[in-house]
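Structural description and commentary
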Amino acid sequence: MQHLAGAARTYIAAARAEFTAKKYQLAHKAALVGGEQSLERLIRGFQQLDPVTGGQGFIKALGYADFALLITPNNDFYRKADWFKQRLSQRMNYDELVQAQLFTESLLAEAANGSDGEF
């Protein structure tokens, strides 16, 4: 009986991980076309969990914040994204900042091409 409980727990954990990855993927697609709520969810979300690595994704969070600054016409959202960017930048070393900038550039290219690649 305990084996069945362990199998159910494993199945639930796998389903949750799959759902989380799908949620991030859909938010990524919406963010590429300027979805401010999706951008904010990704910025906040990657600070807690990167579904690919299972850890925190500060580089991706900073990349999405920088991307938001470059594409948003909304002043309120711009200030919010800038606050996130400043807060995240203070925690990172030079190499991480460079990686975040490269990620931002890949997001810009992806948005310009209309691609829906992986995040």
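Here goes a summary of the coordinates provided.

Of regular secondary structure, the protein chain possesses 5 helices and 0 strands. The linear arrangement of helices and strands in the protein chain, starting from the amino end, is α-α-α-α-α. If one aligns the C-alpha atoms of the protein chain with their principal axes, the spans along those axes are about 55 × 30 × 25 Å. The burial tally for the protein chain puts 33% of its 119 residues in the buried class. Pairs at least 24 apart in sequence give 61% of the contacts found in the protein chain among residues at least 6 apart. Total accessible area on the protein chain is roughly 7600 Å²; 54% of this is exposed by carbon and sulfur atoms.

Right, let's get into the side chain of Ser 38. Looking at the secondary structure, you find Ser 38 in helix α2 (residues 36–48). Look at Ser 38 and you get buried, because its relative accessible area is 12%. Residue contacts for Ser 38: discarding those within four places in its chain leaves Ala 27, Ala 30 and Ala 31.

Cut-offs applied
- Residues numbered from 1 in each chain as written.
- Predicted model: local features only at pLDDT ≥ 70, side-chain atom pairs only at ≥ 80, totals over all residues.
- Heavy atoms only, no water.
- Helix = DSSP H or I, 4+ residues; strand = E, 2+ residues; numbered from the N terminus.
- Buried < 20%, exposed > 50% of the residue type's maximum accessible area, 1.4 Å probe, protein only.
- Contact = heavy atoms within 4.5 Å.
- Areas by Shrake-Rupley, 256 points an atom, 1.4 Å probe, with all protein chains shown as cover.

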